[in-house]
Amino acid sequence: CSSLAIGTTTGYRLFSLSSVEQLDQVHESNEIPDVYIVERLFSSSLVVVVSHAKPQQMNVYHFKKGTEICNYSYSSNILSIRLNRQRLVVCLEESIYIHNIKDMKLLKTILDTPPNTTGLCALSINHANSYLAYPGSATSGEIALYDGNTLKAACTIPAHDGPLAALAFNSTGSKLASASEKGTVIRVFSIPGGQKLYEFRRGMKRYVNISSLVFSMDSQFLCASSNTETVHVFKLEHLTDSRPEEPPTWSGYMGKMFQAATNYLPAQVSGMMNQDRAFATVRLNVSGQRNICALSTIQKLPRLLVTMSDGHLYIYNLDPQDGGECVLIKKH
């Protein structure tokens, strides 16, 4: 969550999100028009691009050198691409291709996946456990979990009744969040076991399309945005598995005391948590637009970022102790 990649009608642009006040453009390319997928490998120079002109072809570039590393063509349109330092995953409507990122060799093809018209899939950014999640059914909310390192199916998680709409791993790949097309309930599961850890409700009244799910880097918060004007941030409380591999806490202030307390709670209390109210919210001034959210630390403070399909980026302050309504501090 430290840079922003945008596909445009003329090419693509990469920005650094290191400051609130200004967006620093890292790179602009006008070589390929109508880019609809642009994925950068963290803050490296490797970028993967797909354009409407050739929707079945993936182009991999080293943008600083201005060279094309390789390109691959597939049997149908590319719907999404995910990558970490170990794997590059290409998702088509009824198949998934897993490449080794070091030499771009194709390692595995998962054929005959259930029809996945939106290209929904998630890959853990932690390459030590390159878990891949994708819909295991077109009619129910089943998640297929696949181990991208060993190239074997890990498990199936019966997550929701209806078809899936959103999937996201936390930074260490130890948790997976999911939402169905109904959009009223968000669930978090342990990985690779698939046990349900949390259940969050966002509004009972109407069906919503959740377009973006994201954890904070320390896995203490989970943000969900949809086609409505409200963005919800939930707090993952009662973390009994305070393992040292999680990055230092994002909310730092009270984390340690809180975790000490949870160690003494009876098991059933610190088990699966139900929350009906969001810890923090954002009210957008528009609804019905597709957007992507991120929880990031910019200039040492916790921020919530929302980028809209109309070309705006909104930066909000998030109070990690008291939550509540997030304050808009900058619009780009």
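Labelled according to an unreviewed UniProt entry, the protein appears under the name WD repeat domain phosphoinositide-interacting protein 1, originating from Buceros rhinoceros silvestris. Recorded in UniProt under Sequence similarities (unreviewed entry), the annotation for the protein is "Belongs to the WD repeat PROPPIN family." Of the comments in the UniProt record for the protein, the one headed Subcellular location (unreviewed entry) reads "Preautophagosomal structure membrane".

This next bit is on the pairing of strand β7 (residues 67–73). Pairing analysis gives six bridges linking strand β6 (residues 54–62) to β7, with the strands arranged antiparallel. Paired with Gln57 across the bridge in β7 is Ser73. Linking β6 back to β7 in an antiparallel pair, the connection comprises four residues, with Gly66 at a positive phi of about 70 degrees.

Ring pairs (aromatic) are described by centroid distance and by the angle formed between their planes. Throughout the structure, instances matching the rule amount to four aromatic pairs. An angle of 15 degrees between the planes, with centres 4.7 Å apart, marks the rings of Phe200 and Phe234 as stacked. Of the two residues, Phe200 sits in strand β19 (residues 196–201) while Phe234 sits in strand β22 (residues 230–235), which places them 34 residues apart along the sequence. Since its relative accessible area comes to 0%, Phe200 is described here as buried.

Bringing the sheet that holds strand β14 (residues 141–147) into the picture now. Taken together, four strands build an open sheet; the order of strands is β12-β13-β14-β15 and the sheet is antiparallel. Among the strands making up the open sheet, the edge pair consists of β12 (122–123) and β15 (152–160).

Another aspect to go through is the sheet that holds strand β28 (residues 324–325). What the five strands build is an open sheet, ordered β20-β21-β22-β24-β28; its pairing is mixed. Looking along the sheet, the strands with just one partner apiece sit at the ends: β20 (210–215) and β28. Bridge count between β20 and strand β21 (residues 221–226): five bridges; the pairing is antiparallel. Its bridge partner lying in β21, Phe215 is registered against Leu222.

About the cut-offs
- Residues numbered from 1 in each chain as written.
- Predicted model: local features only at pLDDT ≥ 70, side-chain atom pairs only at ≥ 80, totals over all residues.
- Heavy atoms only, no water.
- UniProt positions renumbered as here; feature names shortened; annotations may be inferred.
- Pairing = 2+ DSSP bridges.
- Helix = DSSP H or I, 4+ residues; strand = E, 2+ residues; numbered from the N terminus.
- Phe/Tyr/Trp six-rings, centres within 6.5 Å; stacked < 30°, edge-to-face > 60°.
- Buried < 20%, exposed > 50% of the residue type's maximum accessible area, 1.4 Å probe, protein only.

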